[in-house]
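Coordinates in review
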Amino acid sequence: APDSRVLIVGTPVGSGMQVFGLIGNPVEHSLSPPMHEAAYEAVGLDARYVTFEPDPDRLETALDGAAALGVSGLNVTIPFKQDVFDLVEADDLARRIGAVNTIDFSTDPPRGYNTDAAGVTRALDHNGVAVEGADAVVVGAGGAGRAVAFALADAGTSVHVANRTVERAEELAAAVGGETTAGGLDSLERVREADLLVNATSVGMEEDASPVPAEYLHGDLAVMDAVYAPIETRLLRDAAAAGADTVDGAWMLLFQGVEAFERWTGHEAPVEAMNEALRARL
Ligand code: NAP
């Protein structure tokens with residue numbers, strides 16, 4: 001029936017080669033293909049990672065087609081992270097975040113995950129930043145902000161969300177629940193008392209600006225920026241100058257890819273090879 005969502009899991013492509021990829025728009029400058037292909041090479045996996053810009057009106061057909069063709073897994077980026085949500089069986093965390101960025105076609109129906117959340121905690125852990133019991137301020141309540149806030153709260157961090165549009169921060173804090181609090185950008189002064197600050201806004205990407213006044217930063221703080229282009233943002237420069245530990249946005253990007261690779265292949269990801277491939281292109 002035209003409105004059915006029966007997805008057929010197809011057979012592997014060619015002589016056992018697996019196909020993974022990314023759907024979004026635009027995807028032309030994505031760093032995922034080199035990062036994932038470096039991983040396949042490092043572990044000796046016969047696989048390719050390709051990018052697609054599907055017709056937004058035919059997203060469901062595109063996913064059915066990918067499944068039928070035997071595509072093993074897809075990452076999902078803007079503008080499809082929310083739309084894909086209704087077309088796959090999203091796991092509990094992706095449901096709570098409200099966005100899917102990774103699809104695993106090995107089941108029928110395909111499963112949807114949000115690996116941005118694991119990207120946050122694994123990036124912090126890899127860089128020696130403790131999250132359990134920490135007091136964090138998350139600035140931003142968009143897609144990245146949601147993943148960051150849920151990831152930290154689930155890891156036992158107490159979270160304050162500060163966002164330009166305060167209603168969005170309040171909505172996110174209510175969704176995360178527990179002791180999560182919310183405020184506008186005027187509540188950023190809480191950074192003075194915090195252990196951890198995560199920038200999940202796009203500020204710092206287009207211009208040399210920081211979302212947080214430099215005078216709030218201090219030496220007992222760890223600062224992670226979700227922005228990865230440029231790799232050294234104004235916020236991270238200000239944080240380093242204040243004596244804070246810094247974790248750049250490429251770490252989050254890396255570890256969401258590491259998490260997707262491990263879910264898709266069952267192999268432990270070759271983190272160093274993926275990191276090298278990613279940073280060579282930033
Ligand atoms: P989004 O959903 O569009 O959200 C944008 C956020 O930035 C909102 O909270 C917005 O506040 C805030 N914002 C925008 N301009 C601002 C300004 N001038 N002052 C204060 N706040 C401002 O975008 P997103 O998907 O969450 O992405 C945010 C950033 O994270 C982007 O730079 C993206 O590249 C990066 N990101 C990185 C990774 C990674 O793996 N490293 C993953 C995902 C995203 P309002 O709600 O008030 O509009």
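Above this text is the structure in question.
So, here's what we can say about the structure. Quantities reported herein were computed from a predicted structural model and do not represent experimental measurements. (Residues numbered from 1 in each chain as written. Predicted model: local features only at pLDDT ≥ 70, side-chain atom pairs only at ≥ 80, totals over all residues. Heavy atoms only, no water.)

1. Some words on the sheet that holds strand β11 (residues 222–225)
Quick note on the threshold: One requirement defines pairing of two strands: DSSP has to find at least two bridges between them. Here a strand is any run of E in DSSP of at least two residues, a helix any run of H or I of at least four, and the numbering for each starts at the N terminus. What counts as an axis is a line fitted to C-alpha atoms, over the stretch in contact for a helix, and the angles between N-to-C directions run from 0 to 180 degrees.
The six strands are arranged β9-β8-β7-β10-β11-β12 in an open sheet whose pairing can be described as parallel. The open sheet has two edge strands, β9 (181–183) and β12 (245–247), and neither has a second partner. For this sheet, the mean angle separating the axes of adjacent strands, direction not counted, is 20 degrees. Pairing geometry for strand β7 (residues 135–139) and strand β8 (residues 158–162), over five bridges, is parallel. By the bridge assignment, Val 138 is partnered in β8 with Val 161.

2. Considerations on the pattern of salt bridges
Here is the rule we go by: We define a salt bridge as a contact between a side-chain nitrogen of Lys or Arg and a carboxyl oxygen of Asp or Glu at a distance within 4 Å. A 1.4 Å probe rolled over the protein chains alone gives each residue an accessible area, and that area as a share of the maximum for its type sets the label: buried under 20%, exposed over 50%, partly exposed in between.
The final tally for this structure, using the stated rule, is twelve salt bridges. The closest approach of N and O atoms between Arg 122 and Glu 259, which form a salt bridge, is 2.8 Å. Taken as a pair, Arg 122 in helix α4 (residues 115–126) and Glu 259 in helix α8 (residues 249–265) lie far apart in primary sequence, 137 residues in all. Linking Arg 122 and Glu 262 is a salt bridge whose minimum nitrogen-to-oxygen distance equals 3.0 Å. Within this pair, whereas Arg 122 is found in helix α4, its partner Glu 262 is found in helix α8, the two being separated by 140 residues in sequence. Residue classification places Glu 262 among the partly exposed residues on the basis of a relative accessible area of 22%. Through salt bridges with shared partners, a single network forms among Arg 122, Glu 259, Glu 262 and Arg 263.

3. Observations concerning the environment of Gln 256
Quick reminder of the rule: Whether two residues touch is decided by their heavy atoms; if any such pair falls within 4.5 Å, the residues are in contact. Any pair of nitrogen or oxygen atoms within 3.5 Å is treated as a polar contact; in protein, a donor-acceptor pairing is required on top of that, and neighbouring residues in sequence qualify only through side-chain atoms on both sides.
With respect to the helices and strands, the residue Gln 256 is situated in helix α8. The spatial distance from the C-alpha of Gln 256 to the C-alpha of Ala 147 is 11 Å, given a sequence separation of 109 residues. Discounting chain neighbours no more than four positions away, the residues touching Gln 256 are Met 35, Asn 101, Thr 115, Asp 116 and Gly 119. Polar side-chain contacts of Gln 256 include one of 2.9 Å to the backbone oxygen of Leu 253.

4. Some details on helix α9 (residues 271–280)
Formally: Directions drawn from the helix axis to the C-beta atoms are what define this arc.
Buried within α9 we find Val 271, Met 274, Asn 275, Ala 277 and Leu 278. Along the axis of α9, the buried positions cluster into a sector of 165 degrees, meaning they face one direction only. The exposed residues of α9 that point more than 90 degrees off its buried face are Glu 276 and Ala 280. The inward-facing, buried residues of α9 contact α1 (32–43), α4 and α8.

5. Quick look at the nonpolar core
Most often, soluble globular proteins have nonpolar side chains that are buried together. Our working definition: Take the buried Ala, Val, Leu, Ile, Met, Phe, Trp, Tyr and Cys residues and link them wherever side-chain atoms come within 4.5 Å; each set so joined is a nonpolar core.
Leu 124, Leu 152, Leu 196 and Leu 254 are the most contacted members of the largest nonpolar core, which has 53 residues in total. Sorting elements by how many residues they give to this core places α8 first, with ten residues. Sequence-distant contacts of Leu 254, defined by excluding residues within four places in its chain, comprise Met 35, Val 271, Met 274, Asn 275 and Leu 278. Leu 74, Val 84, Phe 85 and Val 88 belong to the second-largest nonpolar core, a separate cluster that totals 19 residues.

6. So, the site of the ligand
We count it as follows: Here a residue is near a molecule or strand as soon as one of its heavy atoms is found within 4 Å of it. Working definition of accessibility: Shrake-Rupley area with a 1.4 Å probe, residue cover restricted to the visible protein chains. The nonpolar class holds Ala, Val, Leu, Ile, Met, Phe, Trp, Tyr, Cys and Pro. Asp, Glu, Lys and Arg form the charged class, and all remaining residues, Gly among them, are polar.
Close contacts around the ligand come from 21 residues, with Ala 144, Asn 163, Arg 164, Thr 165 and Arg 168 the closest. At a separation of 2.7 Å, an oxygen atom of the ligand approaches a polar backbone atom of Ala 144. Taking Gly 249, its main chain carries an N or O atom lying 3.0 Å from a nitrogen atom of the ligand. Coverage of the ligand by the protein amounts to 76% of the 930 Å² it exposes when considered alone. Within the residue set of the shell around the ligand, elements represented by two or more residues are α5 (143–154) and α8. Element by element, the count of residues in the shell around the ligand is highest for α8, at three residues. Here the shell around the ligand is composed, by residue class, of eleven nonpolar, eight polar and two charged.

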